[in-house]
Amino acid sequence: MDSSNQSLSQGAVRLNTALPSLGTTPAKIKVMMIEDSRTFAETVGHYIREQPDLELLGMFHTMESARGAFSQLKPAVILLDIQLPDGSGLDLLPDIHRLLPDAEIVVLTTFDDATLVTAAVHLGVSGFLLKRSGLAEIVTAIRRVAAGGASLDEKVARTILAQFRKRDRATSMLPALTPQENKLLRSLADGKTLKEAASLAGITYETSRRYLQSAYRKLRVNSMTQAISLFLRNTP
């Protein structure tokens, strides 16, 4: 190829790469779904795939399988079930915030328990819907949180308001946690991982684990989610 043809070819490449800007198509909202019910996941997933502005990256049915895909898929919105075969979906939130700091999370569950709702909101979710919500409502929530808004089921919103009113009136019902245990639970409630909470407190990871186990015994709970939920319900 002579120099003039080579120059023309290079110019054509530049022209082709510039063409999309003449009629730009908005980028699709990339969605990831973590849901234990395969039937429900397929129903919602099929509806999402029909939307021209949404792209379903994948559906996962356990915490373990989802955790391994976060950094690879990089979704903009995650639909998250709470009750998963290998644990509570809320326990995934610190990992999501760490690996996908820009991702928006919509909890999609059958449970409207006040404790779970309060814990989810404090752990940084952008939406909380019940599975009885219509497919159109779920898709609307995806678009809303992707645009920087929030989406709450009406019943869930009333539950949150009732919780805050109750908290304003109530005195703390927590047992006597030490200042270190209180500080650790506060950091976890703010969405920090246990390692991050330990670093903020200036203690080792092993020491933080001992504090957490001590808090479990005092609160009579068996998981981090339960401890955070009880802590949030009884602290201002």
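Predicted, not measured: the structure shown is a model, and the values here were computed from it.

Now for the overall build of the chain. Across its full length, the chain holds 12 helices and 8 strands. Looking at the chain residue by residue over its 236 residues, the buried ones come to 43%. Long-range contacts, defined as pairs at least 24 residues apart, comprise 65% of the intrachain contacts of the chain with a sequence gap of at least 6. With the model as given, the accessible surface of the chain reaches about 12,800 Å², and the carbon-plus-sulfur share is 53%.

Whenever strands of a sheet pair, they do so through backbone hydrogen bonds, lying parallel or antiparallel. Read from one edge to the other, the open sheet built from 6 strands follows the order 2-1-3-6-7-8, with strand pairing classed as parallel. At either margin of the open sheet sits one strand with a lone partner, and together these are strand 2 (54–60) and strand 8 (151–152). As defined by bridge partners, strand 6 (residues 104–109) adjoins strand 7 (residues 127–130) across 4 bridges and the pair is classed as parallel. If you follow valine 106 over to strand 7, its bridge partner there is glycine 127. Contacting strand 1 (29–34), strand 2, strand 3 (77–80), strand 6, strand 7 and strand 8, helix 7 (residues 135–146) crosses the sheet at an angle of about 140° to strand 3.

Scanning all chains against the criterion turns up 1 cavity of 30 Å³ or more. If you go around the largest cavity, the residues you meet are Leu90, Asp91, Pro94, Leu123, Leu188, Met224, Thr225 and Ile228. No other element matches helix 12 (residues 224–233), which puts 3 residues into the lining of the largest cavity. Residues belonging to the lining of the largest cavity are distributed by class as follows: 6 nonpolar, 1 polar and 1 charged.

Within the fold, proline 52 resides in the loop between helix 2 (38–49) and strand 2. Taking the C-alpha atoms as reference, proline 52 lies 7.6 Å from lysine 28; in sequence the two are 24 residues apart.

Now for the pattern of salt bridges. Taken as a whole and judged by the stated rule, the model has 10 salt bridges. When the shortest N-O distance is used, the salt bridge between glutamate 55 and lysine 30 registers 3.0 Å. Here lysine 30 lies in strand 1 and glutamate 55 lies in strand 2, a separation of 25 residues in the sequence. Under the relative-accessibility criterion, glutamate 55 is labelled partly exposed at 30%.

To continue, consider helix 7. Given a rise of 1.5 Å per residue, 12 residues ought to cover 16 Å, and the 17 Å separating the end C-alpha atoms of helix 7 matches this to within 8%. Within the sequence span of helix 7, burial applies to Ile138, Val139, Ala141, Ile142 and Val145. Summarising the axial view, the buried residues of helix 7 lie within an arc of 155°, below the 170-degree limit, and thus occupy one face. In the segment just after helix 7, glycine 148 is the residue with positive phi, at about 100°.

Conventions adopted
- Residues numbered from 1 in each chain as written.
- Predicted model: local features only at pLDDT ≥ 70, side-chain atom pairs only at ≥ 80, totals over all residues.
- Heavy atoms only, no water.
- Helix = DSSP H or I, 4+ residues; strand = E, 2+ residues; numbered from the N terminus.
- Buried < 20%, exposed > 50% of the residue type's maximum accessible area, 1.4 Å probe, protein only.
- Contact = heavy atoms within 4.5 Å.
- Areas by Shrake-Rupley, 256 points an atom, 1.4 Å probe, with all protein chains shown as cover.
- Pairing = 2+ DSSP bridges.
- Axes fitted to C-alpha atoms, helices over the stretch in contact; angles between N-to-C directions.
- 1 Å grid on protein atoms, 1.4 Å probe; cavity = no way out; pocket = protein on both sides within 12 Å on 5 of 7 lines; lining within 4 Å.
- Points joined across faces, edges and corners; volume = space filled by probe spheres on them.
- Nonpolar A, V, L, I, M, F, W, Y, C, P; charged D, E, K, R; others polar.
- Salt bridge = Lys/Arg side-chain N within 4 Å of Asp/Glu carboxyl O.
- Expected span 1.5 Å × (residues − 1).
- Arc of directions from axis to C-beta.

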